Amino acid sequence: MKRDTCPICRKPVDAAFTPFCSRGCKDRDLLQWLGEGYRIPAGPADEEAQTGLDTANDAD
C-alpha cells in the first residue's frame, strides 16, 4: 500500500523522507515515539503473575 500524503501534515510525500514530506515531520514522528505519544492499549496487569515473581525468591 503506497501512501501519497504525509501521515503528520497530509502534504505530498518527498522520496527523500518517505513516508513523510520533510525532515521536520520525520523528526516530529520520532519525538512522538520517544515521548511515549504513541501507545498501545493494554488490559489490566495480572497481579498474581507479578506477585508470583516477587515471592518466588522469598520461598528459599
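Since the model is a prediction, treat every value here as computed from it, not as a measurement.

About the thresholds
- Residues numbered from 1 in each chain as written.
- Predicted model: local features only at pLDDT ≥ 70, side-chain atom pairs only at ≥ 80, totals over all residues.
- Heavy atoms only, no water.
- Helix = DSSP H or I, 4+ residues; strand = E, 2+ residues; numbered from the N terminus.
- Buried < 20%, exposed > 50% of the residue type's maximum accessible area, 1.4 Å probe, protein only.
- Contact = heavy atoms within 4.5 Å.
- Areas by Shrake-Rupley, 256 points an atom, 1.4 Å probe, with all protein chains shown as cover.
- Salt bridge = Lys/Arg side-chain N within 4 Å of Asp/Glu carboxyl O.

Draft legend 1. Structural detail: the overall build of the chain. Counting its secondary structure elements, the chain contains 2 helices and 0 strands. Looking at the chain residue by residue over its 60 residues, the buried ones come to 8%. In the chain, 3% of the contacts between residues at least 6 apart in sequence involve partners at least 24 apart. Total accessible area on the chain is roughly 5,400 Å²; 54% of this is exposed by carbon and sulfur atoms.

Draft legend 2. Spatial organisation of unusual backbone geometry. For the bond from Thr-18 to Pro-19, the omega torsion is 5°, close enough to zero to count as cis. Counting through the fold element by element, Pro-19 comes out in the segment before helix H1 (23-34). At Arg-10, a residue that is not glycine, the phi angle is positive and equals roughly 70°. Within the fold, Arg-10 resides in the segment before H1. Even without being a glycine, Glu-36 presents a positive backbone phi close to 60°. Here Glu-36 is to be found in the loop between H1 and helix H2 (47-58). Accessibility expressed as a relative area gives 52% for Glu-36, which makes it exposed.

Draft legend 3. The arrangement of the pattern of salt bridges in detail. The full count for this structure, using the stated rule, is 1 salt bridge. Note that Arg-23 is salt-bridged to Asp-27, the shortest N-O span being 3.3 Å. On the criterion of helical spacing, the pair formed by Arg-23 and Asp-27 is a turn pair, its members being 4 residues apart in helix H1. According to the relative accessible area criterion, Asp-27 is partly exposed, its value standing at 32%.

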